[in-house]
2 protein chains.
Amino acid sequence: MDEIIVFHEQIEALIEEKRFKELKELLVRANAIDVAEALNGLSEKDLMLAFRLLDKDQAAEAFVEMEHDEQEMLIRGFTDKELRAVVEELEVDDAVDIIGEMPANVVARIIRSADRQTRSLINELLLYPADSAGGIMTPEYVSLNPDMTVDQAFEKIRKVGPDKETIYTCYVTENRRLEGVVSVRSLLIASKDTKIRDIIEDNVISVKTTDDKEFVAEQIRKYGYLAIPVVDAEEKLVGIVTFDDAINVISEEATEDIQKMTAITPDEHPYLRSSVFKIWKQRVPWLILLMVLSTVTSRIIGFYEAALSACIVLSSFIPMVMDTGGNAGNQASVTIIRGLSLGEIKVHDAFRIVWKEMRVSFICGLSLIPVTFIKVMFFDGLYKDADGIIISAVVSVTIFLTVCIAKLIGALLPIVAKTIKLDPAVMASPIITTMVDAIALMVYFVLASNFIPALAG
Amino acid sequence: MDEIIVFHEQIEALIEEKRFKELKELLVRANAIDVAEALNGLSEKDLMLAFRLLDKDQAAEAFVEMEHDEQEMLIRGFTDKELRAVVEELEVDDAVDIIGEMPANVVARIIRSADRQTRSLINELLLYPADSAGGIMTPEYVSLNPDMTVDQAFEKIRKVGPDKETIYTCYVTENRRLEGVVSVRSLLIASKDTKIRDIIEDNVISVKTTDDKEFVAEQIRKYGYLAIPVVDAEEKLVGIVTFDDAINVISEEATEDIQKMTAITPDEHPYLRSSVFKIWKQRVPWLILLMVLSTVTSRIIGFYEAALSACIVLSSFIPMVMDTGGNAGNQASVTIIRGLSLGEIKVHDAFRIVWKEMRVSFICGLSLIPVTFIKVMFFDGLYKDADGIIISAVVSVTIFLTVCIAKLIGALLPIVAKTIKLDPAVMASPIITTMVDAIALMVYFVLASNFIPALAG
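Each residue is numbered by its place in its chain's sequence as written, counting from 1. Each chain takes a letter, starting from A, and each ligand takes a number, starting from 1, following the order in which they are written. It should be noted that, the model being predicted, local features are given only for residues of pLDDT at least 70 and side-chain atom pairs only at 80 or more, the latter also being counted only at that level, while totals for whole chains, interfaces and linings use all residues. In computing side-chain values, all of the structure's heavy atoms are included and hydrogens and water are not.

1. Observations regarding the overall build of chain A
Heads up, the rule is: The numbering of helices and of strands both runs from the N terminus, where a helix is a DSSP run of H or I of at least 4 residues and a strand a run of E of at least 2. Here's how the labels work: a residue is buried when its accessible area is under 20% of the maximum for its type, exposed when over 50%, partly exposed in between, all with a 1.4 Å probe on protein chains only. In this tally Asp and Glu are treated as negative and Lys and Arg as positive; neither His nor the chain ends contributes. We put the charge of a Lys on NZ, of an Arg on CZ, of an Asp on CG and of a Glu on CD.
The helix and strand tally for chain A stands at 24 helices and six strands. Considered along the principal axes of its C-alpha atoms, chain A spans approximately 95 × 65 × 35 Å. Expressed as a percentage of the 457 residues in chain A, the buried residues total 57%. Across chain A, 46 positive and 69 negative side-chain charges occur, with their mean positions spaced 2 Å apart.

Below, the structure is given as structure tokens:
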């Protein structure tokens with residue numbers, strides 16, 4: 001990773017010393033994606049300068065891979081001719097991605113720079129929601145006719161191939177209806193005059209334009225496809241989504257899930273590039289919400305104030321009871337959330353999950369009883385207390401019951417969320433912790449006030 | 001998703017009614033990966049029966065995709081001839097994967113069934129750690145010589161292609177040293193007698209056999225490669241890792257990170273297939289460890305017992321102070337952990353991160369002060385208390401300080417972990433929560449005993 005930093009510093013030094021010939025040599029020898037990364041963080045002037053030294057193909061590839069801030073700087077600095085050259089090389093789905101992140105006046109310039117056909121493709125794709133199959137697909141695929149021969153197919157691939165995102169899977173259509181796929185692998189093996197019809201793979205998995213991009217990525221992962229075809233409501237082929245987009249979706253969705261599980265409003269922007277104010281906006285509403293929800297726990301403790309006063313040692317186990325409950329609940333909820341999001345667990349598995357969690361929580365809780373008892377009695381020194389044994393027992397049983405209840409809630413809430421079409425990921429740590437805290441405290445005080453002699457009397 | 005369940009039930013019904021001809025038709029028409037999923041959970045006898053109805057290619061593909069339990073059942077049920085047929089069709093990296101999960105006697109049978117060449121390839125791959133590039137690569141790539149013509153290259157691809165994992169990227173080697181790559185796309189565009197040397201792409205990113213599989217997957221994602229070459233210490237090409245393996249690694253690693261962040265020992269086994277005992281083993285050690293660590297918080301509360309007795313209302317805000325601190329700390333730690341694991345954040349960014357978190361936590365904490373004050377005074381009714389204003393102020397300032405400290409700890413710990421080569425993901429929720437709990441309580445009681453008149457006196 002540090003190679004990129006060295007590369008970045010080399011670029012800065014060469015610009016500083018105006019050694020542009022060496023800079024050009026350095027840049028054109030490098031991988032376009034590394035170039036994009038190394039140019040990040042240059043000043044607008046230096047960025048423009050370095051970018052103009054790139055080869056045409058390399059420039060277009062690097063442009064796609066840059067952060068949106070750099071892309072915007074470049075577009076603003078481009079002459080119309082330069083912009084046209086870059087836009088011409090862009091794949092349509094990348095163009096749509098970039099447009100989605102730019103201010104309106106920049107978007108207008110991009111669209112003006114595209115040729116008529118590209119412009120109409122871009123406009124078509126912009127109609128789909130950004131997180132649907134339609135929003136991430138590209139219409140740049142190779143389509144073949146079932147009556148073509150292998151030789152004709154190769155001819156077409158050679159002709160249209162350079163503009164297509166992938167040529168290795170070709171789509172066989174009749175009147176734009178998807179009939180099947182043919183791989184270049186099978187074309188290479190077949191004899192030249194074989195009809196496409198005879199080597200077609202017609203058992204094709206496709207997705208709909210309206211399918212969620214996460215589902216699309218999951219299908220690509222599951223079937224190991226290079227690309228998956230996207231069809232419209234009339235089963236006509238309108239585009240493909242390729243594996244590289246699927247990898248990015250899977251990685252981004254995991255990040256998003258993790259953010260939601262931690263009570264952060266999801267955002268795709270890299271941390272170091274987000275402004276302090278933006279990070280604050282992602283975090284503070286949740287902190288406030290959860291703090292206000294904690295009114296419940298305050299009330300419970302307030303209600304048992306008399307019991308606490310009479311047996312003040314009880315207060316020192318509040319954090320332990322709460323944290324153990326929270327941890328146990330989160331273990332269950334996060335497992336179920338991730339399972340749901342990978343499709344390993346489905347809503348109709350609810351009974352099996354509950355039954356499994358009941359058993360797991362029972363033996364987890366049971367295992368904690370002796371540990372808790374010993375810890376409270378000896379580590380925390382309650383053996384010195386007259387009611388020590390009873391208090392230790394109350395704490396231990398509280399832990400047992402809390403673990404059982406916490407795991408059940410942790411397992412059930414994400415499923416309930418999914419059933420009512422909420423995102424299960426929001427049913428993770430913070431919400432579970434807040435609920436389990438309240439329950440744990442209730443159990444604790446009810447047991448304490450009934451069994452500890454000083455309080456029961 | 002529910003299509004698979006319907007499919008599974010159809011299979012069961014057809015077996016029950018002994019309608020094997022229809023079953024065979026149903027199975028051979030289906031996608032092998034769907035078949036694998038639908039056969040999950042059949043009895044050993046039914047599984048064997050259904051599997052024997054599959055086409056040869058389909059059988060091999062379905063076999064690879066099955067859960068390890070089903071694979072083991074099948075291998076135990078196979079005749080030697082059947083096992084040989086399946087093993088022959090396996091890709092070497094899949095064979096190695098399966099071998100890694102089987103008991104020794106099954107492994108011995110698999111290895112015996114492989115032909116000599118495959119056996120030696122398997123044995124070679126088994127020498128690499130399972131989570132290294134060597135452990136997930138396949139030696140089944142197409143290699144070309146730089147002096148070949150395009151026509152000769154196609155001839156070779158046609159001949160060896162069927163046994164290779166991908167043919168679309170071919171590797172140009174001289175004395176097994178990787179000289180560059182050639183894509184089938186560029187071969188198709190070039191004229192027949194062009195020399196490979198002239199269309200070679202020699203600016204190739206490769207990985208080492210010892211590189212971590214997560215790094216390999218990240219390189220494939222970053223560069224959008226179909227496959228990445230793996231070289232040994234002498235820069236000789238020994239295998240490739242393909243994009244489909246990268247997708248799985250990225251998805252599994254995200255799951256693993258999430259598990260560690262929630263204090264669960266990572267495991268790749270799907271939840272519904274893990275035994276209760278196994279899940280217990282993943283979870284209970286952490287619950288015990290964290291519970292024992294909570295001795296610290298108990299001690300702190302114990303130490304301030306006198307203050308608590310004198311002002312019992314303080315106890316009702318313990319959960320709020322602890323939870324807010326935990327939430328704030330986790331927001332920071334999880335952001336940094338994910339950034340590190342995606343490579344967006346590096347260890348040398350530590351100062352920038354700390355400076356950013358200081359500002360974010362300052363304004364988050366500041367925003368919480370009025371909310372806390374109003375909540376405590378009016379929601380929790382402290383306006384009725386003589387010291388109500390002071391207590392509310394103490395709680396608010398505690399929240400402010402706790403948020404600042406929690407975010408700093410949350411941001412720093414993962415970086416420290418990474419620096420000392422620990423996994424940053426273990427520095428998430430539970431550990432942070434435990435540490436922050438202790439600090440929050442200290443701040444709370446120190447402020448309270450100094451500023452609340454009833455205690456300060």
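2. Section: the side chain of Asp245(A)
This is how it is decided: Counted as salt bridges are all cases of a side-chain nitrogen of Lys or Arg within 4 Å of a carboxyl oxygen of Asp or Glu. Contacts are assigned to residue pairs with any non-hydrogen atoms lying within 4.5 Å of each other.
By the secondary structure assignment, Asp245(A) is in helix H16 (residues 243-261). Buried Asp245(A), no salt bridge; nearest opposite-charge side chain is Arg221(B), N-O distance 9.6 Å. In contact with Asp245(A), not counting residues within four places along its chain, are Asp93(A), Ile136(A) and Glu165(A).

3. A look at the sheet that holds strand S3 (residues 177-183) of chain B
Residues and elements named next belong to chain B. Heads up, the rule is: DSSP-based pairing: two strands are paired if at least 2 bridges between them are found.
One open sheet holds the three strands; their spatial order is S1-S2-S3, and the pairing between them is mixed. The sheet is open, and its two borders are formed by strand S1 (143-144) and S3, each paired with just one other strand. One ladder, built from six bridges, connects strand S2 (residues 169-174) with S3; its direction is antiparallel. Each bridged residue has a counterpart across the sheet, and for cysteine 170 the counterpart in S3 is valine 182.

4. A closer look at the side chain of Gln259(A)
All names here are of chain A. Secondary-structure assignment places glutamine 259 in helix H16. The buried category is assigned to glutamine 259, whose relative accessible area is 12%. Ignoring any residue separated from it by four or fewer positions in sequence, one finds glutamine 259 in contact with Ile264, Pro266, Asp267 and Gln282.

5. Focus: the interface of chain A and chain B
This is how it is decided: Buried area is calculated as the accessible area (1.4 Å probe) missing from two parts once they are joined, with the contributions of both summed. Amino acids are sorted into nonpolar (Ala, Val, Leu, Ile, Met, Phe, Trp, Tyr, Cys and Pro), charged (Asp, Glu, Lys and Arg) and polar (every other residue, Gly among them).
Contacts between chain A and chain B engage 123 residues on the former and 123 residues on the latter. Carbon and sulfur atoms supply 65% of the area that chain A and chain B bury against each other, a total of about 10800 Å² over both sides. At the junction of chain A with chain B, the criterion picks out eight salt bridges. The biggest single contributor to the side of chain A that touches chain B is helix H20 (residues 318-342) of chain A, with 15 residues. When grouped by side-chain class, the residues that make up the side of chain A that touches chain B number 64 nonpolar, 29 polar and 30 charged.

6. Side note on the relation of the copies chain A and chain B
Where we set the bar: Least-squares superposition aligns the copies on the C-alpha atoms of those residues with pLDDT at or above 70 in both.
When chain A is fitted to chain B, the best match, at an RMSD of 0.1 Å, comes from turning it 180 degrees and sliding it 0.1 Å along the axis. The transformation just described matches what one would write down for a two-fold rotation axis. When the interface residues of chain A are mapped onto chain B, 100% of them again fall at the interface, so both copies present the same face.

7. A short note on the environment of Lys281(B)
Examined against the element boundaries, Lys281(B) turns out to sit in helix H17 (residues 276-293). Residue classification places Lys281(B) among the partly exposed residues on the basis of a relative accessible area of 49%.

8. Topic: the nonpolar core
One broad rule of soluble globular proteins: the nonpolar side chains tend to lie buried together. Applicable threshold: Put simply, a nonpolar core is a bunch of buried Ala, Val, Leu, Ile, Met, Phe, Trp, Tyr and Cys residues held in one set by side-chain atoms that sit within 4.5 Å of each other.
By size, the foremost hydrophobic cluster in this structure holds 167 residues, and its most contacted members are Ile11(A) and Ile11(B). Once residues lying within four places of it in the same chain are set aside, the contact partners of Ile11(A) are Leu23(A), Leu26(A), Leu27(A), Ala38(A), Leu39(A) and Leu42(A). Grouped together as the second largest cluster of nonpolar side chains are 111 residues, Met322(A), Val436(A), Leu455(A) and Tyr271(B) included.

9. A few points about the environment of Ile98(A)
Residues and elements named next belong to chain A. The residue isoleucine 98 is located in helix H8 (residues 92-101) in this model. You can call isoleucine 98 buried: its relative accessible area is 3%. It is 56 Å that separates the C-alpha atoms of isoleucine 98 and threonine 372, two residues lying 274 residues apart in sequence. Leave out the neighbours within four places in its chain, and isoleucine 98 touches Phe63, Gln71, Leu90 and Ile110.

10. Let's talk about the sheet that holds strand S4 (residues 207-208) of chain A
Either a parallel or an antiparallel arrangement is found when strands of a sheet pair, and the pairing is made through backbone hydrogen bonds. Residue and element names in this part refer to chain A. Spatially, S4-S5-S6 is the arrangement adopted by the three strands of the open sheet, whose pairing is mixed. At either margin of the open sheet sits one strand with a lone partner, and together these are S4 and strand S6 (237-242). With five bridges joining them, strand S5 (residues 227-231) and S6 adopt antiparallel strand pairing. Bridged to valine 230 within S6 is glycine 239.

11. Observations regarding unusual backbone geometry
All names here are of chain A. Of note, asparagine 175 is a non-glycine position whose phi angle comes to about 50 degrees, a positive value. For asparagine 175, the location among the structural elements is in the loop between strand S2 (169-174) and strand S3 (177-183). The exposure class of asparagine 175 is exposed, given its relative accessible area of 69%. One non-glycine residue, arginine 176, adopts positive backbone phi at about 65 degrees. Here arginine 176 shows up in the loop between S2 and S3.

12. Considerations on the state of the cysteines
Just so we agree on the cut-off: Any pair of cysteine sulfurs within 2.5 Å is marked as a disulfide.
Counted under the stated rule, the structure contains zero disulfides over all chains. Free of any disulfide, Cys170(A) has its nearest cysteine sulfur in Cys170(B), 16 Å distant. Of all cysteine sulfurs, the one in Cys311(A) lies closest to Cys311(B), which takes part in no disulfide; the gap is 19 Å. You can call Cys311(B) buried: its relative accessible area is 9%.

13. Some words on the pairing of S5(A)
Side-chain direction in a regular strand flips from residue to residue, so the side chains alternate between the two faces of the sheet. Residue and element names in this part refer to chain A. Across the five residues that make up S5, a large majority, five, are buried. Judged by which residues are buried, S5 turns out to be covered on both faces: Ala227, Pro229 and Val231 on one side and Ile228 and Val230 on the other are all buried. Here S4 runs beside S5; their pairing, made up of two bridges, is parallel. Residue lysine 208 lies in a different strand from S5, and its bridge partner there is valine 231. What sits between S5 and S6 in their antiparallel hairpin is a turn of five residues, with glutamate 235 showing a positive phi close to 65 degrees.

14. Some thoughts on the confidence of the model for chain A
Test applied: The predictor rates its confidence in each residue with pLDDT, a number between 0 and 100.
Looking at chain A, the pLDDT average stands at 87 and 99% of residues meet or exceed 70. Among the scores for the predicted complex, ipTM is 0.78 and pTM is 0.79.

15. Brief notes about helix H21 (residues 350-379) of chain B
All names here are of chain B. Threshold: Expected helix span is computed as 1.5 Å times (number of residues minus one). By definition, a residue's bend is the angle between the axes fitted to the seven residues ending there and the seven starting there.
Taking 1.5 Å of rise per residue, 30 residues should cover 44 Å, and H21 covers 40 Å from first to last C-alpha, within 8% of that figure. The sharpest bend along H21 measures roughly 25 degrees and falls at isoleucine 369, with the proline proline 370 sitting one to four residues further on. Two residues or fewer past H21, glycine 381 is found with a positive phi of approximately 70 degrees.

16. A closer look at a positive patch on the surface
Quick note on the threshold: Exposure above 30% relative accessible area and the absence of a salt bridge qualify a residue for a patch, where like charges join within 9 Å and nonpolar side chains (Val, Leu, Ile, Met, Phe, Trp, Tyr) within 5 Å. Computed with a 1.4 Å probe, the accessible areas rest on the Shrake-Rupley method; for each residue, only the protein chains presented here act as cover.
On the surface, Arg158(A), Lys192(A), Arg158(B) and Lys192(B) cluster together into a patch of positive charge. Judged by relative accessible area, which is 39%, Arg158(A) ranks as partly exposed.

17. Here we look at the packing of aromatic side chains
To describe a pair of aromatic rings, one takes the distance between the centres and the angle between the planes. All names here are of chain A. Heads up, the rule is: Think of it this way: a Phe, Tyr or Trp ring, Trp meaning its six-membered ring, pairs with another when their centres are within 6.5 Å, and the plane angle makes it stacked under 30 degrees, edge-to-face over 60, tilted otherwise.
Counted under the stated rule, the structure contains 24 aromatic pairs over all chains. Seen from their ring centres, tyrosine 444 and phenylalanine 445 are 5.5 Å apart, and the 45 degrees between their planes marks the pair as tilted. The exposure class of phenylalanine 445 is buried, given its relative accessible area of 1%.

18. What about a nonpolar patch on the surface?
Residues Val292(A), Ile374(B), Phe378(B), Phe379(B) and Tyr383(B) make up a contiguous nonpolar surface patch of about 500 Å² in total accessible area. Mapped onto the elements of the fold, Phe378(B) is located in helix H21.

19. Notes on a negative patch on the surface
Side chains of Asp55(A), Asp57(A), Glu61(A) and Glu65(A) sit close together on the surface and give a patch of like negative charge. Within the element layout of this structure, Glu65(A) appears in helix H5 (residues 56-65).

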